[in-house]
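The chain contents come next:
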Amino acid sequence: MSLFTDLGLSQEITRALEDLGYEQPTPIQEKSIPQVLSSKADLKAFAQTGTGKTAAFSLPIIQQIDLDNSSVQAIILSPTRELAIQIGKNIEEFSKYTKGLKVLTVYGGSSIDDQIKRLKRGVQIVVGTPGRTVDLIKRNQLKLKNIHWVVLDEADEMLNMGFKEDLDQILEVTPKEKQTLLFSATFPKEVDAIAKNYMHKPVEINAGKKNAGADKVSHEYYLVSERNRYPALKRLADVHPDFYSIVFCRTRRETKDVASKLIADGYNADALHGDLSQAQRDIVMEKFRKRQLQILVATDVAARGLDVDDLTHVINYKLPDQTENYTHRSGRTGRAGKKGISIAIISNKEKNKLKPIENKIGKKFVAQQVPSGKEICEKQLFKLIEKVKDVNVKDDQINPYLESIYSQLEGVSREDLIQRFVSIEFNQFLSYYEDANDINGDDSKSRKTGGDENFTRFYINLGKMDKINPAKLIGIINETLDKGDIEIGQIEILKSFSFFEIDKNYENQVISSFQNESFGGRSLIVEVTKQSKQRSGGGRKRKSFGGNRNDFGGRKGFSGKKSYSGGGGNDRPKRKKSKRY
Ligand code: AMP
């Protein structure tokens, strides 16, 4: 393995790298740095997040910038503001001893006037998001005629996010004589088209290993039914007292749903998705980085550029639609030399998504069992004991009270005392998990017989007269709810109306989604209805409707409320806010 000095980097740069604790170049750095230092050929690099690609393209550029010339010589385009800021920050760190080098990061959502002022004062490297970069070019404030380097970072993501037109506009105003460096985790035809249009005989390099930390990541899956997905997530968080994780969801709506359930259940969690303003996103990310949040529930795109090295787990609450996204997600754990765990919570229907991912990552998922209530309690209990052992006792502050404490506790034995102290912290946990069910395995098939207490039964004013059959009704439900993965239980089609059952967690959503819907010009009426008498027999114990069986073996019992509140978030008593973070 070579050293940074072997790659031809200057002393100023290698000193800065030493300060950052970079000892050896990563594979992509080993290949890219000498290439860009010694040749003007365009470069097409296969590289993912976490491979060290930022240094791979920035270091040789920093070294070659003409410091006597204050015009823009390099432009680095990145898909998100967060990633752009991260790159800008990295360049400042790398050029700490390269006197006279100026870098500016430009992005939407912050004052364009300030950015223009900085440009006027002279900068040599601009890092920007495509939208703001185009804006500055159009205002004639960002001039690219002296550009020597163009970097397209995460090119696939920029195209995914709809920046094709912006990229075209930017690339068209750059001079012919320049070096273009394109970094992408995947090479779909859109990225190849950009490479073909704007690059000349590019040299291709590959980071070798797909991810610097990939070897250190183990991949696990937990098979549960749809209704147990959320309880499984909570158990995974609870069984790991030091849980610090990103929970990936597929849609913004799901992200908001899961985060609000976690918050309502007392976890230090928040959501990161595209509906938040930039300022709100910044606040959430900062809190997560500072570990004031333990769980960040995020969409793939929103989590881009969030640089956190010490996640204990990445959770795929739902597996992504594109297998590439799984590698991006799992690459966020196992970084900085640490071990990482990437977990997929899956239902039976999603089992077939594992194979293509295994092919892509070259590793097998290991099936794991969702921990039982007892296991969770044991883990938490021992963590608590450790905390007691390690607590920093402030003698001078505690001592003045000791005498009266001792006298109050007189007559209480050592054993009794320990029991009592532990119970203060722990009683709530024990009662959460007392009698908790085994939630492993997808039992949805056995529950499809109807009348299950985990389903809510609805009436709809559509029936055989409207030429409705079960398949048609399922289609209407999925379309109206804009979701294809909600569990639908028994369906009964009658002459002018029908009944259908839906996972009770979606009760609210069904009611609100159907509110202004019509069918054949007639307004649709959908209401929660009771279980029919005819079906409530059959030897199975059934509840009237919306039974509130939960993760805890049904101890909570039926609330009797016909309100649509809750949305399934609170399926256990509120947990005391963790003080761990
Ligand atoms: P990147 O792929 O550029 O986002 O880098 C991923 C992480 O690896 C960042 O936290 C970098 O600071 C770190 N990193 C990059 N190169 C090295 C290196 N040669 N040695 C140690 N850490 C590195």
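You'll find the structure just up there.
The structure presented is a predicted model; accordingly, all values stated were derived computationally and were not measured. (Residues numbered from 1 in each chain as written. Predicted model: local features only at pLDDT ≥ 70, side-chain atom pairs only at ≥ 80, totals over all residues. Heavy atoms only, no water.)

Enquirer: Sorry, what's going on with the sheet that holds strand β16 (residues 488–493) here?
Expert: Through backbone hydrogen bonds, the strands of a sheet pair up, either in parallel or in antiparallel fashion. Taken in spatial order, the four strands line up as β16-β17-β15-β20 in an open sheet, and their pairing is antiparallel. Both edges of this open sheet fall to β16 and β20 (526–528), since each of them pairs with a single strand only. Taking each pair of neighbouring strands and ignoring which way they run, the sheet shows an average axis angle of 25 degrees. Contacts from helix α19 (residues 470–481) reach β15 (455–460), β16 and β17 (498–503), with the element oriented near 125 degrees to β16. (Pairing = 2+ DSSP bridges. Helix = DSSP H or I, 4+ residues; strand = E, 2+ residues; numbered from the N terminus. Axes fitted to C-alpha atoms, helices over the stretch in contact; angles between N-to-C directions. Contact = heavy atoms within 4.5 Å.)

Enquirer: Even after reading the chapter, I still don't get the site of the ligand, so can you show me in this structure?
Expert: Among the 14 residues in the neighbourhood of the ligand, the closest are listed as Y22, Q24, Q29, G52 and T54. G52 is positioned with one of its backbone polar atoms (N or O) 2.7 Å from an oxygen atom of the ligand. One of the backbone N or O atoms of K53 is found 3.3 Å from an oxygen atom in the ligand. When the free accessible area of the ligand is taken as 490 Å², the share hidden by the protein chains comes to 77%. Each residue belonging to the shell around the ligand can be placed in one class, and the counts come to three nonpolar, seven polar and four charged. Shared between two domains, the shell around the ligand takes at least three residues from each, and those domains are domain 1 (4–207) and domain 2 (217–372). (Near = heavy atom within 4 Å. Polar contact = N/O pair within 3.5 Å; in protein donor to acceptor, adjacent residues only side chain to side chain. Areas by Shrake-Rupley, 256 points an atom, 1.4 Å probe, with all protein chains shown as cover. Nonpolar A, V, L, I, M, F, W, Y, C, P; charged D, E, K, R; others polar. Domains from an automatic or database assignment.)

Enquirer: Whenever I open this one, the nonpolar core confuses me. Can you help?
Expert: Looking at soluble globular proteins, one finds that nonpolar side chains tend to be buried together. Within the largest apolar cluster, 35 residues are counted, with the highest numbers of intra-cluster contacts made by L59, I91, I125 and F183. Beyond its immediate sequence surroundings of up to four residues, L59 is in contact with F4, L9, I13, L17, I33 and F94. Counting residues in each nonpolar core, the second largest holds 31 residues, with V106, V126, I147 and M158 among its members. (Core = buried A, V, L, I, M, F, W, Y, C linked by side-chain atoms within 4.5 Å. Buried < 20%, exposed > 50% of the residue type's maximum accessible area, 1.4 Å probe, protein only.)

Enquirer: Help me understand the packing of aromatic side chains in this model?
Expert: Two numbers describe a pair of aromatic rings. These are the distance of the centres and the angle of the planes. Summed over the entire model, instances satisfying the criterion amount to 10 aromatic pairs. Taken together, the ring pairs in this structure connect F4, Y22 and F94 into an aromatic cluster. Directly above the aromatic system of Y244 lies the positively charged group of R291, at a separation of 4.0 Å from the ring centroid. (Phe/Tyr/Trp six-rings, centres within 6.5 Å; stacked < 30°, edge-to-face > 60°. Lys NZ or Arg CZ within 6 Å of the ring centre and 35° of its normal.)

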